[in-house]
Amino acid sequence: MSAPPSLRSLSSLARSVPAWLTHPLGWRSAPIPWTAVLRGALSAGPLLALGLLTGHLSQAVLAGLGAMLAGVNDRPGTRRTGVVHIGLPAVGGALGLLCGGLLADGGSRWTAVPALFVVGWLSGALSVTGPVWSAAAMQCLVTASIGAGMPIPGPAWLKAVCYLGGAAWLLLLRFLLRAPRHMLRRGARREGEREAVAAVFDALADALLALGGSDAEPARRRLIAAQHRADESLRLMRLLPFPGRREGRGSAQAYRITERFAAATALCEAGIALLWEGRPLPRQVAEAPRLLAAAVRADSAPGALASPVSDTVQRGAFDRALLAAAVTFDRTALRGTPVVPAQAGTPEPYEPDAPARPTRPVRRPRPSPNTRGVRRALKELTARGSLRTLGRVFAPARRENALRVALCVAASTAVALSLHQTHWYWLPATAAFLVKPDLGPLFSRVVNRVAGTATGVLVFTVLTLAMAGLGGLWWLVAVVVAGGALIPVATRHFGFQTAVVTLLVLSFVYALGDTEATAARLLDTALACGIVLLVGHLPHLTDPRVRVGHRFAVALRRTERYLRHVLDAPETASTASAGAPGTEGTAPVAPRGGDATGIALRYAAYRALSEARAAAETAAAELPGPHRAHRHDWLAVMARAERIVDAATVCAVRVEQGVPRPTATEARWVTDALAATADALEGGRGTPMPTLPPVPKDCRSLRDVMTELHGIQSLTTVT
């Protein structure tokens, strides 16, 4: 039965509305994080109450500010991810507050303009590195504006310490307050890591159920996101070991979780090959990873698993990965019966008395966990690639973003100094929030910022009038407690988040004696929005091919490195993986796509791909600017880039399963084409696309890579 004409016309009208008009109304739905709500309520409010009791109100306000901004970064994840996602931005905020305080103590007010220009440049350049560094750079810039423009008594170092103490208080609450269902659970120390690994198996089951349907691509993206979260959780588990025993139950749990995540990684790689193939699976086979997820949560064996008929290379790869996962789960299970896959053939023999249920990891004794973690952390932070990433300040995308942030903040600072003698921090701080690109399209941010600020000012004004007869400042504690509890929920919409943050900041400045701040904040917000809109649409600062093309270039380069690693394996690996006769005298070499380096390269490619998708979705919803005639369909480019990385993964899977390796010439054609296309996308609108080599004929996966590269070239070539 067809829909009524009126409904069809409304649906057509909704599709015809530009994305830049509908984006400000978007709301991200998610369950309410009640534990985070409790942490938010106990974060800044008690600190403000402590300041009122002891008479150290200015220090309490700075600590409350640190707890508030830490609450904005308090997202779901393990306790160790909280250390990084909250701790690193907090350190950046303390550094910015220190710089701003020194600037305020230095003398001339107008030195703030060039100083904040420099801080804005560095902040904008660093924001391109990744989400955590972006949050740290933004907090550094915002607190530098607050430290320079908010008259708070005390030395600059004490302000920074108080701010850092507030963030540390919220981090302590994150350690102490956990979900009730995890409080009494055995092995709750690693509950977050276990849940992250289980979520990977659940996402894999969802992706397999969506095979051949319209939800296959979104399901694959959710699978990759779950893998990234689990990978980050386990990396931090190794890098940041908490104080405790080296051996015993805790380390055995870490070993068990790590082994099961390795099985999940191999299974997901084979699952991506099935998604590339596109043939639906029987439901009992698609639900098999769900049993593995339940086994991860229960620290047990999953029972019988159904596997597909191995009638294709991709299904054979999944069958073998499922069998390997079954053996791994049985070997690491604390209890339960041995796992026998229902249709996967006979499992490898095992001995019941062997260490199938270890009480401690079967590994050599190692140094102290804390010492080992510090060494690994320093090694990762000082790796050549990391330093190169942080040092490329003058790359086109970094240069554009850095200049845009610096101009917005410097211009806002100059206007604020012209209008206000004191408390001029609001205008540049607002500009710093608005110019942050990973919060959504610029026009959407401006609209939501104005609406959120107006709502926060209105609510605070009403509260001030209602509480005027009570006397004292204790009512502000209740407001801060309520606002802190709303922050975890408010992160779903930028306007809602702005309203809550405005309410909290007005409470803090009211406690410091600035009782006439509400009306001026509306004017400052409007001016900051106008400045950001003007600077954000200057002709040489808004080329989406520089901003978005950089993300795609990173994804293609990482895919090229992954393919080179897979296809440049030694000849012994090729013959061993192909199972050719006469290799008894050759030492077996593990397939390059499944080793630790190959897995890391594949994760890096998919992580860059997710960042490129976020940039493409933002560009698609931007207000049309001076480059409208040269705007590309970045979402279509995104779809082709995703298929390129999937095809590269499939190529690795097929090589591991014994499919003849592509010739060296074909491999060089494809990898060179990926590198050349990445260079063209990185260069901006004036860089021509390269001439692509012929499409390989004998390797279907590499043929798909080249076909999609031709599609990207046609979509990004200006006519």
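In this text the structure is predicted, and so the values were computed from the model without any measurement.

### Side note on the overall build of the protein chain
The helix and strand inventory of the protein chain stands at 30 helices and zero strands. Considering the protein chain as a whole, with its 719 residues, one finds that 52% of them fall into the buried category. In the protein chain, the share of contacts with a sequence separation of at least 24, taken over all contacts with a separation of at least 6, comes to 81%. For the protein chain, the accessible area works out to roughly 31200 Å², and carbon and sulfur atoms hold 63% of it.

### Points about unusual backbone geometry
Its identity as a non-glycine residue notwithstanding, aspartate 299 has a phi of 55°, on the positive side. Inspection of the secondary structure puts aspartate 299 in the loop between α15 (288–298) and α16 (313–332).

### Details of the side chain of glutamine 139
Looking at where glutamine 139 falls in the secondary structure, it is placed in helix α8 (residues 131–149). Among the polar contacts listed, one links the side chain of glutamine 139 to the backbone oxygen of leucine 69, at a separation of 3.5 Å. Those residues within four positions of glutamine 139 in sequence are excluded, and the remaining contacts are Leu69, Ala70, Asn73, Pro89, Ala90, Gly93 and Tyr163.

### Some words on the packing of aromatic side chains
A full pass over the atoms with the stated rule returns six aromatic pairs. Between phenylalanine 460 and tryptophan 475 the ring centres are 6.1 Å apart and the planes differ by 35°, which places this aromatic pair in the tilted class. One end of the pair, phenylalanine 460, is in helix α21 (residues 442–466); the other, tryptophan 475, is in helix α22 (residues 474–490), with 15 residues separating them in the sequence. A single burial state applies to phenylalanine 460 and to tryptophan 475, both of which are buried. One aromatic cluster is present, built from ring pairs that chain together Phe460, Trp475 and Tyr510. Above the plane of the ring of tryptophan 276 lies arginine 700, whose end atom (NZ or CZ) is 4.2 Å from the centre.

### Comments concerning the packing of helix α7 (residues 112–127) against α8
Two numbers describe how α7 lies on α8: the axes approach to 8 Å, and their chain directions differ by 165°. Relative to α8, the element α7 lies roughly antiparallel. Seen along the crossing, α7 lies across α8 with a hand that is left-handed. In this structure, α7 uses Leu116, Val119, Gly120, Ser123, Leu126 and Ser127 to contact α8, whose residues at the interface are Trp133, Ser134, Ala137, Met138, Cys140, Leu141, Ala144 and Ser145. Taken together, the residues of the contact of α7 with α8 break down into nine nonpolar, five polar and no charged.

### Describing the environment of glycine 87
By the element assignment, glycine 87 lies in helix α6 (residues 79–105). Along the sequence, glycine 87 and alanine 168 sit 81 residues apart, while their C-alpha atoms lie 7.6 Å from each other.

### Focus on the environment of leucine 211
Residue position: leucine 211 is located in the loop between α11 (191–209) and α12 (216–239). As a C-alpha pair, leucine 211 and glycine 278 span 67 residues in sequence and 5.8 Å in three-dimensional space. When near neighbours in sequence (up to four residues on either side) are disregarded, leucine 211 contacts Leu274, Leu275, Gly278, Arg279, Pro280 and Leu281.

### A few points about the nonpolar core
Judged by nonpolar contacts, the single largest core of 95 residues is most densely connected at Phe201 and Phe552. If we skip the residues at most four places from it in the chain, phenylalanine 552 touches Ala612, Ala616, Trp634, Val637, Met638, Ala641 and Leu681. Counting 72 residues, the second-largest nonpolar core is a separate cluster that includes Ala44, Val142, Val477 and Val535.

### Here's the deal with the confidence of the model for the protein chain
Detailed reading of the predicted model is not advised wherever pLDDT is low. Averaged over every residue, the pLDDT of the protein chain is 78; residues scoring 70 or more account for 78%. Low confidence marks residues 6–11, where pLDDT is under 50. Its contacts with residues over four positions away, or in another chain, come to two contacts. Per-residue pLDDT stays below 50 along residues 571–590; that stretch engages in 14 contacts with residues further than four places along the chain or on separate chains.

### Description of helix α5 (residues 57–72)
For α5, spanning 16 residues, the distance from its first C-alpha to its last is 23 Å, which sits close to the expected 22 Å at 1.5 Å a residue. Counted residue by residue, α5 has 15 buried out of 16 residues, so it is predominantly covered.

### Some words on the environment of glycine 106
Position of glycine 106 among the secondary structure elements: in the loop between α6 and α7. We classify glycine 106 as exposed; its relative accessible area is 65%. A C-alpha to C-alpha distance of 9.8 Å links glycine 106 and alanine 148, two positions 42 residues apart in sequence.

### Brief notes about the packing of α5 against helix α9 (residues 156–176)
For any two helices packed against each other, the geometry is given by the interaxial angle and the distance between the axes. Between α5 and α9, the least distance of the axes is 7 Å, while the angle of their chain directions is 45°. The pairing of α5 with α9 is recorded here as oblique in orientation. Between α5 and α9 lies a crossing whose hand is right-handed. Only Leu158, Lys159, Cys162, Tyr163, Gly166, Ala167 and Leu170 of α9 make contact with α5, whose side of the interface consists of Gln59, Leu62, Ala63, Leu65, Gly66, Ala67, Leu69, Ala70 and Gly71.

### Section: the pattern of salt bridges
Tallied over the entire structure, the rule returns 31 salt bridges. Between glutamate 277 and arginine 315 there is a salt bridge whose closest N-O contact spans 3.8 Å. Here the residue glutamate 277 occupies a position in helix α13 (residues 249–277), and arginine 315 occupies one in helix α16, the gap between them amounting to 38 residues. In terms of burial, glutamate 277 and arginine 315 fall into one category: buried. Residue arginine 551 is joined to glutamate 611 by a salt bridge in which the shortest nitrogen-to-oxygen separation is 3.2 Å. Remark: glutamate 611 occurs in helix α27 (residues 596–620) and arginine 551 occurs in helix α25 (residues 544–567); sequence separation between them is 60 residues. Residue classification places arginine 551 among the buried positions, given a relative accessible area of 18%. Within the structure, one salt-bridge network assembled from shared partners comprises Glu195, Asp202, Asp206, Arg283, Glu287, Arg290 and Arg297.

Parameters and conventions
Residues numbered from 1 in each chain as written. Predicted model: local features only at pLDDT ≥ 70, side-chain atom pairs only at ≥ 80, totals over all residues. Heavy atoms only, no water. Helix = DSSP H or I, 4+ residues; strand = E, 2+ residues; numbered from the N terminus. Buried < 20%, exposed > 50% of the residue type's maximum accessible area, 1.4 Å probe, protein only. Contact = heavy atoms within 4.5 Å. Areas by Shrake-Rupley, 256 points an atom, 1.4 Å probe, with all protein chains shown as cover. Polar contact = N/O pair within 3.5 Å; in protein donor to acceptor, adjacent residues only side chain to side chain. Phe/Tyr/Trp six-rings, centres within 6.5 Å; stacked < 30°, edge-to-face > 60°. Lys NZ or Arg CZ within 6 Å of the ring centre and 35° of its normal. Axes fitted to C-alpha atoms, helices over the stretch in contact; angles between N-to-C directions. Parallel < 35°, antiparallel > 145°, perpendicular 65-115°, else oblique. Left-handed = near helix turned anticlockwise from the far one by under 90°. Nonpolar A, V, L, I, M, F, W, Y, C, P; charged D, E, K, R; others polar. Core = buried A, V, L, I, M, F, W, Y, C linked by side-chain atoms within 4.5 Å. pLDDT = per-residue confidence, 0-100. Expected span 1.5 Å × (residues − 1). Salt bridge = Lys/Arg side-chain N within 4 Å of Asp/Glu carboxyl O.

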